[in-house]
Amino acid sequence: LSAQETSGVSIRIINSKNEPLGFASIRVTSAADSTQRQEKLSDSTGRASFQLQPGQYVVSVSSVNYQPLEKRITVKPGNPSFNFTAEPLSRSLQGVVVTSTRPLIRQEDDKTIVDPENLAASSTNAYEIMEKTPGLFVDQDGNIYLNSTTPATVYINGREQKMSAADVATMLKSLPPNSISSIEIMRTPSARYDASGSGGIVNVVLKKGVRIGLTGSVNAGMQQGVYGNQFVGVNLNNNSGDLSTYLNINTGRRNTYDRIATDRVFAPDTMLSQDALTRYKTQNYYIGFGVGYQLSKKWEISYDGRFSYNDSRNNSVNESVIRKISNQSISESNENKVRNEISNSNLSQGLAFKYKPDSLGSEWSTDLSYTYVPNHTDQLFTTSYTLPLQGKFDAEGEIDNRLSFFSAQTNYLKKFPRQFTVETGVKTSIVNFRNDTRYNNLRSYRYRENINAGYLQASKTIKGITVKAGTRVENTNMNGDQLAPADTSFDIHRTDFFPYVYISKSLM
């Protein structure tokens, strides 16, 4: 009978510092029958009471930040008590991986920087990325607008592209979508940049090989609608310490069309109906190669070369009909056809030197670049009249453009403590352009340009307010000669000063 009697058993949990361990989970299990168990939480004094029969039991204790504890006890009559010490759980941090999503747009002083990584996933070339970039408007002629009616000036890796909007658009269409590292948008360019950028500047920064070791990737994609677009590219990067190289090869095929149908009422009972269909076929090839070498901890030298070739064919058919609205009778009808065969190349070479005099971020950089862009177009256009008289008129023409652009610049940026920066530099550029146009007779044009510039500016951040001020001086020399059909030459020599002030404060 005495074996069936229960007695109160007190179990107290403490830590290594002899402090009570509250809210620890205590489970008491019979050693003879594991189905008989009791479980309680310790109070603020680290104690918990159980009603147990004499015998052997297994006590299991668990608590956050402490090692699991398991002990065997023997319960005898007489209200026994047991004390257990829980050891702290020692954890060794093996490694930490911090992941975050880079913002699409961020602001740095007077320029907005766009990360096109998310846009590249749904694009087939760099031109489509520009069309999808927030804050940029791209028209059908390839002009890029920021906040004015004047197109923005396009830079590649900080180098101005002395080309027409159509040629810049063609070059961007040849670049693979994943070749862009960032897009810098400057609505009010500082004194460092040429004063010709009144519509702002868009600087496309291309990726270079910066990963350690030999890495590479192959990418391919396609889009299918009425017609299809396809592209495939190979990227190789090798960084062995002081020497780094990269190679990008890409080819793409675009097959698209535009169709515009309009009905215009220009008289009480008269309507002009137009149906225009243009088919575009383009094959482009791109290769980019670069090498960088770190001469010492402070000196770096790098070479960057790119070549692209585009072969484009487009055919346009525009049908125009004038009819009476009341009875749908046609009074006039004609059809206009235009066929263009365009070949465009772009060869760019760049050599850069960089010197880092201190650890604050000061930098002296020198950049030499040369760009050669030949463009040839053969055009055939035909107009056929069916009403009121039948007739046909056709002609053909040829456009041959040659552009060469050389630029040399050196910039010194000195950073001082307390967010004070001074920047200065000089630049010279030489442009030669030749155009020969043949439509029944020859029209020939030559243009030469030389601009020498220097600038000085400083910036300071005081209590969240950034002030940047400076000035730029430019000596411009232009000469144009129209050789045929008549001489309309011009010659310009002038020197101008362009002051610059920028003030900004983050509101949030």
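The text that follows walks through the structure, step by step, so that each part is easy to find. None of the values given here were measured: they were computed from a predicted structure. (Residues numbered from 1 in each chain as written. Predicted model: local features only at pLDDT ≥ 70, side-chain atom pairs only at ≥ 80, totals over all residues. Heavy atoms only, no water.)

Moving on to the pattern of salt bridges. Counted under the stated rule, the structure contains 20 salt bridges. When the shortest N-O distance is used, the salt bridge between Glu 363 and Lys 354 registers 3.9 Å. Residue Glu 363 is classed as partly exposed on the basis of its relative accessible area of 26%. Bridged by salt links that share partners, the residues Asp 400, Arg 402, Arg 434, Asp 436 and Arg 446 form one connected network. (Salt bridge = Lys/Arg side-chain N within 4 Å of Asp/Glu carboxyl O. Buried < 20%, exposed > 50% of the residue type's maximum accessible area, 1.4 Å probe, protein only.)

What follows concerns unusual backbone geometry. A cis amide bond, omega 0°, links Leu 387 with the succeeding residue Pro 388. Relative to the elements of secondary structure, Pro 388 occurs in the loop between β22 (363–387) and β23 (391–416). Notably, Gln 328 is not glycine yet its phi reads approximately 60°, a positive angle. Residue classification places Gln 328 among the partly exposed positions, given a relative accessible area of 48%. (Helix = DSSP H or I, 4+ residues; strand = E, 2+ residues; numbered from the N terminus.)

Proteins that are soluble and globular tend to have nonpolar side chains buried together. Formed by 31 residues in total, the largest nonpolar core has its most connected members in Met 130, Ile 183 and Val 202. Looking at this core, the elements with two or more residues in it are α1 (117–120), α2 (126–132), β12 (153–156), α3 (165–174), β14 (180–186), β15 (201–206) and β23. Beyond its immediate sequence surroundings of up to four residues, Val 202 is in contact with Met 130, Leu 136, Ile 144, Leu 146, Ala 152, Thr 153, Val 154, Tyr 155, Ile 183 and Glu 184. The next biggest cluster of nonpolar side chains, apart from the first, holds 20 residues, and it includes Phe 50, Val 61, Val 75 and Ala 86. (Core = buried A, V, L, I, M, F, W, Y, C linked by side-chain atoms within 4.5 Å. Contact = heavy atoms within 4.5 Å.)

Looking now at the environment of Lys 392. With respect to the element layout, Lys 392 can be found in strand β23. With a relative accessible area of 62%, Lys 392 lands in the exposed category. Once residues lying within four places of it in the same chain are set aside, the contact partners of Lys 392 are Thr 382, Thr 383 and Ser 384.

Overall, antiparallel pairing links the 4 strands, which are arranged β3-β2-β5-β6 in an open sheet. Looking at strand neighbours, the two that pair on one side only are β3 (37–41) and β6 (69–75), the edges of this open sheet. Ignoring which end each strand starts from, the neighbouring axes of this sheet average 20° apart. Relative to β6, strand β5 (residues 55–62) runs antiparallel, the two sharing 7 bridges. (Pairing = 2+ DSSP bridges. Axes fitted to C-alpha atoms, helices over the stretch in contact; angles between N-to-C directions.)

Glancing now at the sheet that holds strand β4 (residues 47–52). Consider a sheet: its strands pair through backbone hydrogen bonds, and that pairing is either parallel or antiparallel. Strands sit in the order β4-β1-β7 across an open sheet of 3 strands; the sheet is mixed. Of all the strands in the sheet, the pair left with one neighbour each is β4 and β7 (81–86). Averaged over all pairs of adjacent strands, the angle between strand axes in this sheet comes to 25°, irrespective of strand direction. Note: strand β1 (residues 7–15) against β7, 6 bridges, orientation parallel. Paired with Asn 15 across the strands is Ala 86, a residue of β7.

The next point concerns the side chain of Asn 250. By secondary structure assignment, the location of Asn 250 is in strand β18 (residues 243–267). Judged by its relative accessible area of 4%, Asn 250 is buried. When near neighbours in sequence (up to four residues on either side) are disregarded, Asn 250 contacts Ser 174, Pro 176, Asn 219, Phe 231, Val 232, Gly 233, Asn 284, Tyr 285 and Tyr 286.

This part covers the packing of aromatic side chains. The final tally for this structure, using the stated rule, is 8 aromatic pairs. Consider the rings of Trp 299 and Tyr 355, whose centres lie 4.7 Å apart with planes at 35°: the pair is tilted. Within this pair, whereas Trp 299 is found in strand β20 (residues 299–324), its partner Tyr 355 is found in strand β21 (residues 330–355), the two being separated by 56 residues in sequence. Judged by centre distance (5.6 Å) and plane angle (35°), the ring pair of Phe 416 and Phe 420 falls under tilted. Taking the relative accessible area as the measure of exposure, Phe 420 reaches 31% and is therefore partly exposed. The structure contains a cluster of three or more aromatic residues connected by ring pairs, namely Trp 299, Tyr 355 and Trp 364. One cation-aromatic arrangement involves Lys 40 over Phe 50; the distance from NZ or CZ to the ring centre is 5.3 Å. Its end group placed over the ring of Phe 416, Lys 414 keeps NZ or CZ at 5.7 Å from the ring centre. (Phe/Tyr/Trp six-rings, centres within 6.5 Å; stacked < 30°, edge-to-face > 60°. Lys NZ or Arg CZ within 6 Å of the ring centre and 35° of its normal.)

Our next topic: the environment of Thr 366. Residue placement: Thr 366 occurs in strand β22. For Thr 366, a relative accessible area of 23% translates into the label partly exposed. C-alpha of Thr 366 to C-alpha of Ala 408: the two residues are 42 residues apart in sequence and 7.6 Å apart in space. Residues within four places of Thr 366 in sequence aside, it is in contact with Leu 351, Ala 352, Phe 353, Gln 409 and Thr 410. Here the side chain of Thr 366 touches Thr 410 through a polar contact of 3.2 Å, side chain to side chain. (Polar contact = N/O pair within 3.5 Å; in protein donor to acceptor, adjacent residues only side chain to side chain.)

Before going further, it helps to examine the pairing of strand β17 (residues 228–239). The pairing of β17 with β18 spans 10 bridges and is classified as antiparallel. When the bridges of β18 are listed, Asn 239 appears paired with Ser 244. Connecting the antiparallel pair β17 and β18 is a turn made up of 3 residues, with Gly 241 showing a positive phi of about 110°.

Look at any regular strand and the pattern is simple: side chains alternate between the two faces of the sheet. Bridge count between β21 and β22: 21 bridges; the pairing is antiparallel. Paired with Lys 337 across the bridge in β22 is Thr 382. As paired strands, β22 and β23 are joined by 23 bridges and run antiparallel to one another. Counterpart to Val 373 in the pairing with β23 is Leu 403. Where β22 folds back on β23, the antiparallel hairpin that results is connected by 3 residues.

So yeah, pure geometry; function would need other evidence.
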